[in-house]
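# What the coordinates show
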Amino acid sequence: MSAPYPWLDTPWQRLLATRSRPAQALLLTGPRGVGKGALALAWAQALLCEAPQPDGAACGQCAACHWFETGGHPDFRLVSLQEKTTQDGETRLAMAIEVEQAREAVDYVQLSTYRAGYRVVLVNPADSLNLAAANALLKVLEEPPLNTVFVLVSDQPRRLLPTIRSRCTRLDIGLPPLGLAAQWLAAQGVGDATRLLALSGGTPLDARRWAEGGELDERRGVLEGLARPEKLDPVTLSERWKAVSPQTWHTVVYKWLGDLLAVRLRGSVQFNRDFADVLAQLGQQADLAKLLALARLQANEGRTLAHPLNRALQLEAWLIQYRHVFD
């Protein structure tokens, strides 16, 4: 079994070299959209495979591999964000991995393995552990049971407890070379790979997601509104844009502000190159202090994307502040 994506071959080979004595607590970090989760799953399958290939990769044919691929391996546990139903009957992902989930994982690793091999617990995204869950997990990370491997995946490792980070062997996954990412996207049937990679900050999986969904149209609608702050109507636009998913809104606006800051500080547009002329003009008009304050606000909003706030009022307040950047 090869690496899940071609740009992950080097970290994949580093992991396979440790298969005989794997780290009992592994932390995979790097930008969102580079395939850390897929790499973690491939590593878990390799550890659980009962007939590994000579290089240590999973065979894909044994009973253990079949169980893993169907989500039924008894020695594998995934700890992730769970779906919850709100009072209004809406189903959405929880904002955090909760303490009950961590305690279940701790109890799970105290049991004997079913297949007399490794047991693997994958925590993804690990930076979503709430404080109680992180502390519960920390206790077992200090003294992991024999043949138990924890794999933690994180886009924002600084949000993890320092004591958790210190108990993990860290493997950083960087951005792939632009040429390799563009070549892979082209093989996936994605056109205009260079523009999409710029928009996604160089992460190929996010670039593919932009190409496959309707988010490009939503992005253009939002940016065309932000491009004319003097004619921006916060009330009208907040009602129109409340239908845009919070994650899409956050990504689009955060990168727009990043480009404005770059231009204001005499840099160049990195993300929204199709709006480079507009950004060049607006960046020179922006009040730097107000722009920095709004960028900080947007960065903090990323932590509360799933919070059941009044979306229209939240957007209206943001748009008023944005308009004042150019007063």
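In this text the structure is predicted, and so the values were computed from the model without any measurement.

## Some points on the overall build of the protein chain
In terms of helices and strands, the protein chain carries 15 helices and seven strands. Taken over the C-alpha atoms alone, the protein chain extends approximately 70 × 45 × 35 Å along its principal axes. Every one of the 327 residues in the protein chain was classed for burial, and the buried ones make up 46%. In the protein chain, the share of contacts with a sequence separation of at least 24, taken over all contacts with a separation of at least 6, comes to 70%. Of the roughly 16,300 Å² of accessible surface on the protein chain, a fraction of 51% belongs to carbon and sulfur atoms. Averaged over its 35 positive side-chain charges, the protein chain has a centre that lies 5 Å from the centre of its 34 negative ones.

## Overview of the packing of aromatic side chains
This structure, assessed with the given rule, holds nine aromatic pairs. When the ring of Tyr5 is compared with that of Trp184, the centres are 5.6 Å apart and the planes differ by 90°; the resulting orientation is edge-to-face. With Tyr5 in the segment before helix 1 (9-16) and Trp184 in helix 7 (residues 178-187), this pair connects stretches of sequence that are 179 residues apart. Just as Tyr5 is buried, Trp184 falls in that class too. Ring centres 5.8 Å apart and planes at 85° place the aromatic pair Trp256 and Phe275 in the edge-to-face group. Here Trp256, found in helix 12 (residues 246-264), pairs with Phe275, found in the loop between helix 12 and helix 13 (276-285); they are 19 residues apart in sequence, far enough to count as distant.

## Some points on the side chain of Asn272
As for its placement among the helices and strands, Asn272 is situated in the loop between helix 12 and helix 13. Side chain to side chain, Asn272 and Arg219 meet in a polar contact 3.1 Å long.

## Comments concerning the pattern of salt bridges
Summed over all chains, the structure comprises 14 salt bridges. Here Lys242 makes a salt bridge to Glu239, at a shortest N to O gap of 3.0 Å. With relative accessibility at 42%, the residue Lys242 sits in the partly exposed group. Through salt bridges that share partners, Asp192, Arg195, Arg219, Arg220, Glu224 and Asp274 make up one connected network.

## Topic: the sheet that holds strand 6 (residues 148-154)
Taking strand neighbours across the sheet as the criterion, the five strands line up as 2-5-6-1-7 in an open arrangement whose pairing is parallel. Both outer strands of the open sheet, strand 2 (76-79) and strand 7 (169-172), are each paired with one neighbouring strand and no more. Across the sheet, the mean angle separating the axes of adjacent strands is 15° when strand polarity is ignored. Sheet topology places strand 1 (residues 25-29) next to strand 6; five bridges connect them, and they run parallel. The residue of strand 6 that forms the bridge with Leu26 is Val151.

## Observations regarding the packing of helix 12 against helix 13
For the pair helix 12 and helix 13, the least separation of the axes is 8 Å and the interaxial angle reads 65°. The orientation of helix 12 with respect to helix 13, classified from their angle, is roughly perpendicular. In the crossing of helix 12 with helix 13, the sense of the turn from one axis to the other is right-handed. Each of Trp256, Asp259, Leu260, Val263 and Arg264 in helix 12 lies in contact with helix 13, whose residues at this interface are Val278, Leu279, Ala280, Leu282, Gly283 and Gln284. Grouping the constituent residues of the contact of helix 12 with helix 13 by class yields seven nonpolar, two polar and two charged.

## A closer look at the environment of Leu319
Within the secondary structure, Leu319 sits in helix 15 (residues 311-324). It is 8.9 Å that separates the C-alpha atoms of Leu319 and Pro229, two residues lying 90 residues apart in sequence. Aside from chain neighbours lying at most four places away, what touches Leu319 is Leu226, Leu232, Pro234, Leu237, Ser238 and Trp241.

Basis of the calculations
Residues numbered from 1 in each chain as written. Predicted model: local features only at pLDDT ≥ 70, side-chain atom pairs only at ≥ 80, totals over all residues. Heavy atoms only, no water. Helix = DSSP H or I, 4+ residues; strand = E, 2+ residues; numbered from the N terminus. Buried < 20%, exposed > 50% of the residue type's maximum accessible area, 1.4 Å probe, protein only. Contact = heavy atoms within 4.5 Å. Areas by Shrake-Rupley, 256 points an atom, 1.4 Å probe, with all protein chains shown as cover. Lys, Arg positive; Asp, Glu negative; His and termini not counted. Charge placed at Lys NZ, Arg CZ, Asp CG, Glu CD. Phe/Tyr/Trp six-rings, centres within 6.5 Å; stacked < 30°, edge-to-face > 60°. Polar contact = N/O pair within 3.5 Å; in protein donor to acceptor, adjacent residues only side chain to side chain. Salt bridge = Lys/Arg side-chain N within 4 Å of Asp/Glu carboxyl O. Pairing = 2+ DSSP bridges. Axes fitted to C-alpha atoms, helices over the stretch in contact; angles between N-to-C directions. Parallel < 35°, antiparallel > 145°, perpendicular 65-115°, else oblique. Left-handed = near helix turned anticlockwise from the far one by under 90°. Nonpolar A, V, L, I, M, F, W, Y, C, P; charged D, E, K, R; others polar.

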